[in-house]
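The primary structure of each chain is shown beneath.
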Amino acid sequence: MADPKTSPPLTRAAVQAAHELIKPHVHRTPVIHSRTLDEFASRRRTASELKGTAWEGKKEGAKPTLRIWIKCENLQRIGAFKARGAFHAVGRLLEDEEWVKAGGREKGVATHSSGNHAQAIALAAREHGIPAHVVMPAISNPKKVEATKGYGAVVYESGSTAPEREEMLVKVVSETGARFVPPYNYPDVILGQGTVGLELQEQATQLIAENAASSPTPTSRKALNAIISPCGGGGLLSGIALSCEGTGITVFAAEPSHEGADDLARAFKAGLKSPIPAVKSLTIADGLRTPVGPIPWSIIRGERNLVRDAFSVTEREISKTLKFVLERLKVVVEPSAVVGLAVVLFNEDFRELAERQGGEEGWDVGVVFTGGNLSLDALPALLKIGEEEL
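Residues numbered from 1 in each chain as written. Predicted model: local features only at pLDDT ≥ 70, side-chain atom pairs only at ≥ 80, totals over all residues. Heavy atoms only, no water.

Trainee: Describe the domain arrangement of the protein, with residues and values.
Mentor: By the assigned domains, the protein splits into domain 1 (12–79 + 187–383) and domain 2 (81–180). Centre-to-centre separation of domain 1 and domain 2, based on C-alpha positions: 28 Å. Taken together, the 26 residues of domain 1 in the interface contact 20 residues of domain 2. For the pair domain 1 and domain 2, the two sides together bury roughly 2,000 Å², of which 58% comes from carbon and sulfur. Our count for the contact surface shared by domain 1 and domain 2 stands at 4 salt bridges. Of the charged contacts, one joins glutamate 199 and arginine 84 as a salt bridge, the two residues approaching to 2.9 Å between their closest N and O atoms. The tally of links between domain 1 and domain 2 comes to 11 residue pairs in polar contact (both at pLDDT 80 or more). When residues of the side of domain 1 that touches domain 2 are traced back to their parent elements, those giving at least two are α1 (12–22), α10 (187–193) and α11 (195–213). Tallying contributions element by element places α10 first for the side of domain 1 that touches domain 2, with 5 residues. The residue makeup of the side of domain 1 that touches domain 2, split by class, is 9 nonpolar, 10 polar and 7 charged. (Domains from an automatic or database assignment. Contact = heavy atoms within 4.5 Å. Buried area = accessible area lost by both parts, 1.4 Å probe. Salt bridge = Lys/Arg side-chain N within 4 Å of Asp/Glu carboxyl O. Polar contact = N/O pair within 3.5 Å; in protein donor to acceptor, adjacent residues only side chain to side chain. Helix = DSSP H or I, 4+ residues; strand = E, 2+ residues; numbered from the N terminus. Nonpolar A, V, L, I, M, F, W, Y, C, P; charged D, E, K, R; others polar.)

Below you can see the structure in the form of structure tokens.
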């Protein structure tokens, strides 16, 4: 792996530079807005609706005024935001003269991943004309394995545990001389992922102005008040936090609560000074089963402290949100992608905060749909978890 010290400083300006580097290779994905969603998010939940949740026993829920602006990274290349970090990391490598002179182009890059990062590295390598070597666990989705191979990568099968993947990766790197590009705990990847935040800010500002201009009542609304991002390893969340530094936009994290997948939320609540090192969860939000890495932590919660708080949602709430998105917004997404929106709709701690701080005018909230690699075969089982109609 490259020395992270050779990466640019982790700043908003560095995210902007990353955006310029990857522009030719990634889509500027759309931002969508739904009045139906705003109305649903701004309604007050009744005591019966709160039954069975962490807020059972309350007479009623919060009633924030929310306008939600959704960044559709499910429409990104390879179907997920991961393409951004991969193209930035590979692009930066190709600017490293020492790496190129040492035969880097011929040796290529390597990584380990069960899905989206694998495909992203494979695509970025192919587009730049270098080899890609990807270690994928035997339990990986066969469709994702085939897609990774389809982008031209050499795929190596490993055991399912992190030590088994890492052991295989060490062997592959030793035999090929390829440069390891980590999935999230790496500055160049973080900066690439942060470009999601830059685009969302720009696009939402324009849409908010158009929305305000058509409003029958005067308003001072000009930009996003907050962005909420799903968090697994923390690469996307920390990158978005960097993109928002100095803008006045508050950044929040969203996680599944199932089997302790909410490691960041638990760390916030306990006031921990270092990340929880391990997560073992089979949440349906399978892209968020990873604990927060040390470098993302330093931005999110450590010395930088750029994320205000973290909130979690249940499997049932994720399922219900997925159903709403598919039926009402007509957007195809994977369960991990809707966790941020699920927090906005169902986490009463977040909703009370938004009501209190947003006041009468309310909040404009940016939400990221992180990916759209949904298995249609698994969809009936995913939706069944939600049980009730929204």
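Trainee: If you had to explain the packing of aromatic side chains to someone new, which residues and values would you point to?
Mentor: Enumeration over the complete set of coordinates arrives at 6 aromatic pairs. Residues phenylalanine 252 and phenylalanine 350 carry aromatic rings whose centres are separated by 5.4 Å and whose planes lie at 90° to one another, so their mutual orientation is edge-to-face. Linking phenylalanine 252 in strand β8 (residues 250–256) with phenylalanine 350 in helix α17 (residues 348–358), this pair joins segments that are 98 residues apart in sequence. Using a relative accessible area of 0% as the deciding quantity, one classes phenylalanine 350 as buried. Taken together, a centroid distance of 6.3 Å and an interplanar angle of 55° make the contact between phenylalanine 350 and tryptophan 363 tilted. Linking phenylalanine 350 in helix α17 with tryptophan 363 in strand β10 (residues 363–369), this pair joins segments that are 13 residues apart in sequence. Here the two residues phenylalanine 350 and tryptophan 363 agree in accessibility, since each one is buried. By way of ring pairs, the aromatic residues Phe252, Phe311, Phe350 and Trp363 are connected into one cluster. (Phe/Tyr/Trp six-rings, centres within 6.5 Å; stacked < 30°, edge-to-face > 60°. Buried < 20%, exposed > 50% of the residue type's maximum accessible area, 1.4 Å probe, protein only.)

Trainee: With reference to specific residues and values, describe the side chain of serine 229.
Mentor: Locating serine 229 in the fold gives a position in strand β7 (residues 226–230). Looking at serine 229, the relative accessible area reads 0%, which means it is buried. Filtering out sequence-adjacent residues up to four positions away, serine 229 remains in contact with Leu236, Leu237, Ile240, Phe252, Ala253 and Ala254.

Trainee: Any details on the side chain of glutamate 317? Residues and values, ideally.
Mentor: Residue position: glutamate 317 is located in helix α15 (residues 315–329). For the buried glutamate 317, no salt bridge is present, and the opposite-charge side chain at shortest range is arginine 45, 4.8 Å distant. Those residues within four positions of glutamate 317 in sequence are excluded, and the remaining contacts are Thr53, Ala342 and Phe346. (Lys, Arg positive; Asp, Glu negative; His and termini not counted.)

Trainee: Residues and numbers for the sheet that holds β8, please.
Mentor: Overall, mixed pairing links the 6 strands, which are arranged β1-β2-β10-β7-β8-β9 in an open sheet. Whereas interior strands pair on both sides, the edge strands pair on one side only; in this sheet they are β1 (31–33) and β9 (309–313). Within the sheet, the average angular offset between the axes of one strand and its neighbour, ignoring direction, is 30°. Both β8 and β9 contribute to a ladder of 5 bridges, which runs parallel. From the neighbouring strand, alanine 253 faces β9, where its bridge partner is alanine 310. (Pairing = 2+ DSSP bridges. Axes fitted to C-alpha atoms, helices over the stretch in contact; angles between N-to-C directions.)

Trainee: Go over the sheet that holds strand β4 (residues 132–137) with me, naming the residues and quoting the values.
Mentor: The sheet built from 4 strands is open, its strands ordered β5-β4-β3-β6 with parallel pairing. With one partner strand each, in any of the chains shown, β5 (154–158) and β6 (179–180) form the two edges of the open sheet. With 4 bridges joining them, strand β3 (residues 109–112) and β4 adopt parallel strand pairing. From the neighbouring strand, histidine 112 faces β4, where its bridge partner is valine 135.

Trainee: Tell me about the state of the cysteines, and name the residues and values.
Mentor: Where two cysteines share a covalent bond between their sulfur atoms, that bond is called a disulfide. Taken as a whole and assessed by the stated rule, the structure comprises 0 disulfides. Here cysteine 244 stays unpaired: no disulfide links it, and the sulfur of cysteine 231, its closest cysteine neighbor, is 15 Å away. (Disulfide = S-S within 2.5 Å.)

Trainee: Describe the pattern of salt bridges, listing the residues and the values that go with them.
Mentor: Tallying each qualifying case throughout the model produces 16 salt bridges. Measuring nitrogen to oxygen at the nearest pair gives 3.0 Å for the salt bridge that ties arginine 28 to glutamate 202. Pair noted here: arginine 28 is in the loop between α1 and β1 and glutamate 202 is in helix α11, with a separation of 174 residues, a long-range link. Since its relative accessible area comes to 45%, arginine 28 is described here as partly exposed. Accessibility expressed as a relative area gives 43% for glutamate 202, which makes it partly exposed. Residue aspartate 188 pairs with arginine 92 through a salt bridge whose shortest N-O separation is 3.4 Å.

Trainee: A description of the packing of helix α4 (residues 82–94) against helix α7 (residues 116–128) should follow, citing residues and the corresponding values.
Mentor: Two packed helices can be described by the angle between their axes and the distance between those axes. Look at α4 against α7: their axes get within 8 Å of each other, and the N-to-C directions meet at 40°. On the basis of the axis angle, α4 is oblique to α7. Crossing of α4 against α7: the hand is right-handed. Counting all contacts with α4, which are made through Lys82, Ala83, Ala86, Phe87, Val90, Gly91 and Leu94, the residues of α7 involved are Asn116, His117, Ala120, Ile121, Leu123, Ala124, Glu127 and His128. Class assignment of the residues belonging to the contact of α4 with α7 gives a composition of 9 nonpolar, 4 polar and 2 charged. (Parallel < 35°, antiparallel > 145°, perpendicular 65-115°, else oblique. Left-handed = near helix turned anticlockwise from the far one by under 90°.)

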